[in-house]
Amino acid sequence: MQSKQSIHGSWANRWIFILAATGSAVGLGNIWKFPYITGENGGGAFVLVYLFCILLVGIPIMMGEILVGRRARQSPINAVRETAAEAGISQNWSLIGWLGVLAGYIIFSFYSVVAGWVLHYIAGMGTGQFVDISSDLAGQRFTDLLASPEQMLMWHTLFVLMVVGVIAGGVNKGLERATKIMMPALFVLLLVLLGYSVNTGSFAEGWDFLFSFNPDALTWDAVLVALGHAFFTLSLGMGAIMAYGSYMGKKDSIGVTVLTIGVLDTLVALVAGLAIFPVVFANQMDPGAGPGLMFITLPVAFGQMPGGQVFGFLFFMLVGVAAWTSAISLLEPATAWVVERFGLRRLPAALLLGFVIWLMGIASLLSFNHWAEIKMLGMSIFDFLDFITANIMLPLSGLMIAIYSGWALNKHITRDELSLSSEAAYSAWSLVIRFVAPIAVMIIFVVNLYDKLA
Ligand code: PFF
């Protein structure tokens, strides 16, 4: 058994790791995307499928990522290379790490643009611009924002700087400190908003929408969306969780830890749904409005409710914090790699990578206005980047992690590193990571691709 330390530092204790990984997992995916895809896919039945996907695909793959990271205690690219060396197999497996870092970069570039919108809405809500606003006007406001590259650039720049600032501090003074402040804040904000929606919104209607099982609404397409989202929401396939895992204590149980992260991530998504839909229903609005749910429907809904200005502001603060902690984990794997590879200190490494990401984000934000005409596979740059990451790179990367940790690595390495409580638990993990997860991912991968490209 190895017991080396990462040169980047280690989490102070197991709970910090759980909170940091939950911070990565809980993001725009939970609060912006999960409610709207649930809305679009008919509610309860979709939620059930999503839960299965988290349990049968997400959790086992997350365990695979963490075990590789913790075994080698290095950035994902080097962690895969080193574990491959230990197992006596080809170093080319480190391609998994490269794919992850690349996907993380691409995701960051459009994630930051959406996070920038959130910052804009924090400012807007905080200054009362949405009080009693009509749907038309709210729609117009959002359209105006998208039409203004200057505005978007300003918010995108601010967001990148916020992330670089934390990353530059390193694992203990940056990531850990941010986690300790932001995660409690996130949970408190979420509970306050839930309380508001229970008291002021149409709570029963919102609850029914999320939890009443209606099998007719369940389409094949919904299953694909649920599986793809399970990856995105757990931050899998991008090296983020692998990097965080490399700072984890040697004695902590990977199984229990990952289950806790999965449960917390899921709870946040469901509670976010319970905070959002009752507010939407209280104002007789449409729950299936797609991506505009958060930026058009909700501001209108909050704007019409008692105390809506304050709670709307708190809501966007919540989303902002969630996006921030997630984006930090997107930049960490590449930063750790640059530090290892070129011996740079954290600050120059973070600034350099932040600059590249900032430039890439500009392409995404221009695709809403000056570059709207540029189409790739018939999609705008923003949609295309979302598409190639969510539908191609993440499933591929997840599939490779499943094959790598389930088939390529020796059982004695995985058994030793996972240290599960019983041999039965290890066999269950092994079965799922070798068969269930890869087959499920291959199905979404192929069907999704066929669907999109046909
Ligand atoms: N899990 C984040 C969310 O649900 O918003 C998104 C994300 C963060 C994806 C970090 C990937 C990642 F590495």
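Residues numbered from 1 in each chain as written. Predicted model: local features only at pLDDT ≥ 70, side-chain atom pairs only at ≥ 80, totals over all residues. Heavy atoms only, no water.

All right, on to the overall build of the protein then. Within the protein, the secondary structure is distributed over 18 helices and zero strands. Here the protein has a C-alpha radius of gyration of 21 Å; the compact-globule value for 454 residues is 22 Å, and the two agree. With the C-alpha coordinates of the protein rotated into their principal frame, the extents come out at 65 × 50 × 45 Å. Surface exposure of the protein reaches about 16,800 Å², of which carbon and sulfur atoms provide 67%. (Helix = DSSP H or I, 4+ residues; strand = E, 2+ residues; numbered from the N terminus. Rg over C-alpha atoms; globule rule 2.2 N^0.38 Å. Areas by Shrake-Rupley, 256 points an atom, 1.4 Å probe, with all protein chains shown as cover.)

Scanning the model with the defined rule gives 34 aromatic pairs in all. A centroid spacing of 6.2 Å and a plane angle of 25° characterise the contact between Tyr196 and Phe302, whose relative ring orientation is stacked. Taken as a pair, Tyr196 in helix α8 (residues 170–200) and Phe302 in helix α13 (residues 292–303) lie far apart in primary sequence, 106 residues in all. Phe302 matches Tyr196 in its accessibility class, with the two residues each being buried. (Phe/Tyr/Trp six-rings, centres within 6.5 Å; stacked < 30°, edge-to-face > 60°. Buried < 20%, exposed > 50% of the residue type's maximum accessible area, 1.4 Å probe, protein only.)

Close contacts around the ligand come from 15 residues, with Ala25, Leu28, Gly29, Tyr111 and Phe232 the closest. Between Tyr111 and the ligand, the recorded distance is 2.5 Å, taken from a side-chain N or O atom to an oxygen atom. Between the ligand and Thr233 there is a distance of 3.1 Å, counted from a nitrogen atom to a backbone nitrogen or oxygen. When the free accessible area of the ligand is taken as 340 Å², the share hidden by the protein chains comes to 100%. At the level of elements, α1 (14–25), α2 (28–40), α10 (220–233) and α14 (308–342) are the ones that each hand at least two residues to the shell around the ligand. Grouping the constituent residues of the shell around the ligand by class yields seven nonpolar, eight polar and no charged. (Near = heavy atom within 4 Å. Polar contact = N/O pair within 3.5 Å; in protein donor to acceptor, adjacent residues only side chain to side chain. Nonpolar A, V, L, I, M, F, W, Y, C, P; charged D, E, K, R; others polar.)

Quick look at the nonpolar core now. Core analysis: the biggest nonpolar cluster contains 166 residues, and Trp11, Ile61, Phe295 and Phe315 have the highest contact counts within it. Per-element tally for this core: the top contributor is helix α5 (residues 95–126), with 19 residues. The contacts of Trp11, once residues within four sequence positions are left out, are Ile16, Phe17, Ala20, Val171, Leu175, Glu176, Tyr244, Tyr247 and Met248. (Core = buried A, V, L, I, M, F, W, Y, C linked by side-chain atoms within 4.5 Å. Contact = heavy atoms within 4.5 Å.)

A word on the environment of Val268. Among the secondary structure elements, Val268 is positioned in helix α12 (residues 254–282). The spatial distance from the C-alpha of Val268 to the C-alpha of Ile392 is 26 Å, given a sequence separation of 124 residues. Among residues more than four places away in sequence, those in contact with Val268 are Val26, Asn30, Phe187 and Leu190.

Let us look at α10. With 14 residues, α10 should cover 20 Å at 1.5 Å per step; its first-to-last C-alpha distance of 20 Å lies within 8% of that length. Of the positions making up α10, those classed as buried are Ala222, Leu224, Ala226, Leu227, His229, Ala230, Phe231, Phe232 and Thr233. At the N-terminal boundary of α10, the capping side chain belongs to Thr219, with an oxygen 3.0 Å from the backbone nitrogen of Ala222. Directly beyond the C-terminal end of α10, a positive phi value near 60° is found at Ser235. (Expected span 1.5 Å × (residues − 1).)

The next subject is the pattern of salt bridges. Summed over the entire model, instances satisfying the criterion amount to eight salt bridges. The residue Glu423 makes a salt bridge to Arg415 at a minimum N-O spacing of 3.1 Å. Residue class for Glu423 comes out partly exposed when judged on its relative accessible area of 44%. A cluster of three or more residues bridged by salt bridges with shared partners is formed by Arg70, Arg71, Glu86, Lys250, Asp416 and Glu417. (Salt bridge = Lys/Arg side-chain N within 4 Å of Asp/Glu carboxyl O.)

What follows concerns unusual backbone geometry. Of note in this structure, Gln284 is not a glycine but carries a positive phi near 50°. Looking at where Gln284 falls in the secondary structure, it is placed in the loop between α12 and α13. Among the residues examined, Gln284 registers a relative accessible area of 71% and is labelled exposed. For Ser419, which is not glycine, the phi torsion reads 40° and is therefore positive. Looking at the secondary structure, you find Ser419 in the loop between α17 (411–418) and α18 (423–453). You can call Ser419 partly exposed: its relative accessible area is 43%.

The predicted model of the protein averages 92 in pLDDT, with 99% of residues at 70 or higher. Ranking the elements of the protein by mean pLDDT puts α10 last with 85 and helix α7 (residues 149–168) first with 98. (pLDDT = per-residue confidence, 0-100.)

With that settled, the discussion passes to the environment of Leu193. Turning to its location among the elements, Leu193 is positioned in helix α8. In this structure, the C-alpha to C-alpha distance between Leu193 and Thr335, residues 142 residues apart in sequence, is 35 Å. With residues up to four places along the chain from it excluded, the contact list for Leu193 reads Ala275, Phe302, Phe311, Leu314, Phe315 and Leu318.

Take the packing of α2 against α13 next. Axis separation between α2 and α13 bottoms out at 9 Å; the angle between their running directions is 85°. On the basis of the axis angle, α2 is roughly perpendicular to α13. Residues Ile31, Trp32, Pro35 and Tyr36 of α2 lie in contact with α13, whose contacting residues are Leu293, Met294 and Phe295. Of the residues belonging to the contact of α2 with α13, the class tally is seven nonpolar, no polar and no charged. (Axes fitted to C-alpha atoms, helices over the stretch in contact; angles between N-to-C directions. Parallel < 35°, antiparallel > 145°, perpendicular 65-115°, else oblique.)

Attention now moves to α1. Over its twelve residues, α1 extends 16 Å from the first C-alpha to the last, a length consistent with the 16 Å expected when each residue adds 1.5 Å. Those residues of α1 not exposed but buried are Ile16, Phe17, Ile18, Leu19, Ala20, Ala21, Thr22, Gly23, Ser24 and Ala25. Structurally, the start of α1 carries an N-cap: the backbone nitrogen of Trp15 is 2.9 Å from a side-chain oxygen of Asn13.

Right, let's talk about the side chain of Gln74 for a bit. Mapped onto the elements of the fold, Gln74 is located in the loop between α3 (44–72) and α4 (76–87). Within polar-contact distance, the side chain of Gln74 engages the side chain of Glu82 at 2.7 Å. Leaving out residues up to four positions away in the same chain, Gln74 has contacts with Lys4, Gly69, Ala79, Glu82, Ser246 and Glu340.

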